[in-house]
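Geometric and topological summary
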Amino acid sequence: MSKVYTWDQLFSRRQFLKGTVATAALGATAGIGLLEPEASMGLSNSPPQSPAKGVKYVTTICEQCVWRCGVIAKVENGVIKTLEGNPNHPNNLGKLCPRGNAGIEAMYSPDRIKFPLIRAGARGSGLWRKASWDEALSYTAEQMNKIKDKYGAKAMMFNSTDNLSQPFFESLLKAYGTPNYGTQRSLCFNSMTTGFLYTYGTPQPGTDYSHCKYMIFTGRNLAEGISNNETQEMIDMVARGVKVVVLDPRFSKTASKATEWLPVRPGADSAFFLAMINVIVAEKLYDKGFVEKYTQGFADLVTEVQEYTPEWAEKKCEISATTIQRIARDFAAAAPAAIAHPNWRTSNFVNSFQTERAIAVLNALVGNWAQPGGLIPDQEMSTAKLGVLSHPPFPLAQGIRLDGVPWKYPMVPLAYGVIQTMRDNILTGKPYEAKGWLISRQNPVLSIPERQKTINALMKLDFVVVIDIQASDTAYYADVILPESYYLERYDGLVPIKNKIFIRQPVIEPLYDTKSSLMIYKELAEKLGLGEFLPYKDELDLLSRQIKPFPVSLEKLKSDGHYEVENFKEDHSKDFEFQTSSGKIEISSSIMAQMNKKAVPTWNEPPRPEVDHYYLLTGKTAQHTQMFTQNNRWLLEVFPVNRAWLHTSVANKIGVKTEDDVVLESEVGKITIKAYVTEGIRPDCIFMVGGFGHVSKGLKSAYGLGASDSALHKTVTDPISGGSSLSETFVTVSKA
Amino acid sequence: MAIRMGFVIITSRCIDCDACMVACRAENDVPLGHTRNWVKSSGVLGQFPKVREVFQPGNCMHCDHPPCVSVCPTGASQKRADGIVIIENSKCIGCKYCIVACPYDARFANPETGKADKCTLCLHRLEQGLEPACVQTCLGKSRQAGDLNDPDSIVSKLIAKYPTRVLLKQVGTGPNIYYIDEPVSEIPEGK
């Protein structure tokens, strides 16, 4: 029996490798002469061509969020010194956000999981023993096969959040044969993706910022939810003097850059857009030719929006009728170079699907599809196709899904799922008992509403295995932790973006006994007897087969960081072939009609908080990524803790100042958090950045910092999109 | 004409993301708890819903008349001929006079070296023909650096085209960060 360690004993050595090399550049010495004029500002944003001895540059892909920016890492004597944006990468054009710049800190963090761990005390006790990879993988496979033999493959759930090796995770789950796949999407953008899918047949059209003359954002906070190149484009757009309208109950940093901030009543943005449609229809400001040629259901829309006058909307969304009228007219006048942005994390209310449908239809009415300054059709047609691996056909997944797709949520695509319902049904045991959970780089304990329920669900299972780089809150409750190599230490699947193919590759060898998820999935598959479904020898074998269709060697791809496909032609031949039931843009949705639901965008009254209750709003900050980066000390320097935004009048009423502790309480939980008193929020709302309030003691810097919205959020699900209606939680506030 | 290195910072293009602060920390091994540069926020000004917020990045102003240099008893703090204010570590005795003297609060005592520490304009990068780390990473192209005396530099072109202001002009330090608050739709080509 090997020794049992607490977390602190396992990882107590406070080493920070970077600090041991370092400091050569501290302060400049006077010995360096006057700069040569030509060298004074070379204005080259690429690294020098002939690096100094012991210095090398490696081009790879960032993983501090899901945006996949290009990175050039500078390595000095085997230590990664700095990360810079890759100017050849379209996702970031040479720039890195604060999170991207801070990638090194987490890599050299003492809190890294350095070898496989098997639980050695009660679940969540923090007692572990060190295991070899062979033991950890064999044990995991044994438990997974036991569950499959006894309860069927469906009793095992597989969860993963957007990452480059996700296709291979999906191969593993399909080979195992479970229908239960959990992604983050229902907590994020299900209402947006389903809203656009059922209108245009594509879930996420792009937006042409560079030619746009009028932009309306309603849930796309690019200054704080940084999507690097889009954030840059937004800044340029503002600088060009483009009209930018932001609807947000909170004065976000994007709102501070906009030409107009409209503090909309939460959940009532739907009314704003329906009234814009009302004006555009009534005043015949729409693009008649486009509507006739490419859409269906316009007549039904005309009938539906008749009652949605600006005066009606003013009472709902608390934006004046004249403002709505003015914006509708100006928006139509700027069209087709005008966009009501599809937005991003928009799963806020049960009616958010209708809001997104109204947005989708508004864009269609002004005919901005595939026009300069408008919506950009799906890019997939114009993206280079990688080589694929052949494997035997997957077994048919047996049984219905725990998350209610499609038996409870018929309109939610299988690939999105409804993770909060999956969690609920672990607890109910309906329609059957779940027994095991394989979670790769996802943290449901902090992401799904009602944190305690998620912890209870983990406690109920027979077996939980987590793949991660750090002891996330979910990993802390696991039976086995399989440590993934850090993104600067590993390969992942190749990434094609239009005519370019990018590679993530190790900048340095792994510091510890960790593996890439590509190899973890593959070796686990082998132990499960499913090796033929992930038929590659190692990462390089897989990558060389992915790149095989192109006349480039893997060595060349590695040294350049990307390959540009020659004579690549963008294919726009299908831009106007809409993948909907009717083949047209569906103002009136065929699928909604089939389900006997109102087929055109319609108004559903969102709930309002009772007296002395407030809307609880959550969102992002530019310095952190969801619940993933709060342990990064460089990022804690620039955003140390989340606070509850209270309007001055609310703070005065309960007698608190900024930095005082306040207690927020909802139907399902209670937190203590510091107050931030501001005029930049509606008096009926309280806002907090998500991702803080970690419960894992394995995250030593983040543990106990701030508070988690997951402890307050109620579980409310939109039956159409499956989106978790995160803003239907109301809270009281009091001085702590 | 002599080189005069400095910054132009376009506040209208700053979104307060702090990428410049993290890039500087990585580039210059700045110890936790201290920073060589910053982004200051005005906080939310005005009354709901008529509010605004502005952001002002900054760092050592590489002044024409740097008080940190005149108070330094050992000559460690120096104004170079190219305008960059530096600290010669071997001469610094850690007396902290310069830290107190700086009206911009741009210096700190480095706990790892015991010496005064601050922005070097990434001198080691300039020598390789690279932009300072904060300028290189800035998503908004809000931060620009270069030779203020060279009419072909980006900074000079910006100063020629837009109204600028400096901080604490009345103190007489002659700071070399020029702030532009107006929208700048395009960053000019230049050195």
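For the structure, check the block above.
If you're wondering where the values come from, they're calculated on a predicted model, not measured in any experiment. Starting from 1, residues in each chain are numbered consecutively following that chain's sequence as written. All chains are assigned letters beginning at A, and all ligands numbers beginning at 1, according to the order in which they are written. Local features in this predicted model are restricted to residues whose pLDDT is 70 or higher, and side-chain atom pairs enter the listing and the counts only when it is 80 or higher, whereas totals over whole chains, interfaces and linings include all residues.

1. Digging into the pairing of strand 5 (residues 55-59) of chain B
The side chains of a regular strand alternate between both faces of the sheet. Residue and element names in this part refer to chain B. Definition in use: For every residue, the other C-beta atoms within 10 Å of its own C-beta are counted; 20 or more classify it as buried, 12 or fewer as exposed, and values in between as partly exposed. C-beta atoms are placed from the backbone. Helix and strand assignments follow DSSP, with helices taken as H or I runs no shorter than four residues and strands as E runs no shorter than two, numbered in order from the N terminus. Any two strands with at least two DSSP-identified bridges between them are counted as paired.
Judged by how many residues are buried, strand 5 sits mostly within the fold: four of five residues are covered. Pairing analysis gives five bridges linking strand 2 (residues 37-41) to strand 5, with the strands arranged antiparallel. For N37, the partnering residue across the bridge sits in strand 5 and is N59.

2. Looking at the nonpolar core
All names here are of chain A. The criterion, for reference: By convention in this section, buried Ala, Val, Leu, Ile, Met, Phe, Trp, Tyr and Cys residues joined through C-beta atoms within 7 Å make up a nonpolar core. Once C-beta atoms have been placed from the backbone, residue pairs whose C-beta atoms lie within 7 Å are recorded as contacts.
In terms of nonpolar packing, the biggest core is built from 271 residues, with L172, F272, L274, M276, I277, A644 and I686 touching the most fellow members. Here this core takes 10 residues from helix 11 (residues 269-282), the largest share from any one element. Excluding its chain neighbours within four sequence positions, the residues that come into contact with L172 are Y521, L524, A525 and L534.

3. Topic: the interface of chain B and chain A
It is common to report an interface's size as the accessible area lost on association of the parts. Stated precisely, the cut-off is as follows: Ten residues, namely Ala, Val, Leu, Ile, Met, Phe, Trp, Tyr, Cys and Pro, are considered nonpolar, four, namely Asp, Glu, Lys and Arg, are considered charged, and the remaining ones, Gly among them, are considered polar.
Each side of the interface is counted separately: chain B has 59 residues, and chain A has 56 residues. Counting residues per element, the ones that place at least two in the side of chain B that touches chain A are helix 1 (19-28), strand 3 (45-47), strand 4 (50-52), strand 7 (85-87), helix 4 (123-126), helix 5 (133-137) and strand 10 (143-147) of chain B. Top contributing element to the side of chain B that touches chain A by residue count: helix 1 of chain B, with eight residues. For the side of chain B that touches chain A, the per-class residue count stands at 24 nonpolar, 18 polar and 17 charged.

4. Let's talk about the pairing of strand 27 (residues 685-689) of chain A
Residues and elements named next belong to chain A. In terms of burial, strand 27 is a largely internal element, five of the five residues being buried. Side-chain alternation along strand 27 places C685, F687 and V689 on one buried face and I686 and M688 on a second face that is also buried. Of the strand pairs in this sheet, strand 23 (residues 614-619) and strand 27 are connected by five bridges, and their pairing is parallel. Looking across to strand 27, one finds that L616 is bridged to I686.

5. Observations regarding the sheet that holds strand 12 (residues 260-262) of chain A
All names here are of chain A. Put simply, the test is: Lines fitted to C-alpha atoms define the axes, with helix axes restricted to the stretch in contact, and inter-axis angles between N-to-C directions lie between 0 and 180 degrees.
The four strands are arranged 12-11-10-14 in an open sheet whose pairing can be described as parallel. Two strands in the sheet have a free side with no partner beyond their single neighbour: strand 12 and strand 14 (338-340). Sheet twist, expressed as the average angle between the axes of neighbouring strands with direction ignored, equals 10°. In this sheet, strand 12 lies alongside strand 11 (residues 243-247) in parallel orientation, the contact comprising three bridges. What sits directly across from L247, in strand 12, is L262. The strands touched by helix 15 (residues 321-334) within the sheet are strand 10 (214-217), strand 11, strand 12 and strand 14, with strand 10 carrying the most contacts at an inclination of about 130°.

6. Observations regarding the environment of I180 of chain B
All names here are of chain B. Structurally, the position occupied by I180 is in strand 11 (residues 177-180). Put simply, I180 and S12 are 168 residues apart on the chain and 7.5 Å apart in space, counted from C-alpha to C-alpha. Not counting residues within four places of it along the chain, the set of residues in contact with I180 comprises V8, I10, T11, L158, Y162 and T164.

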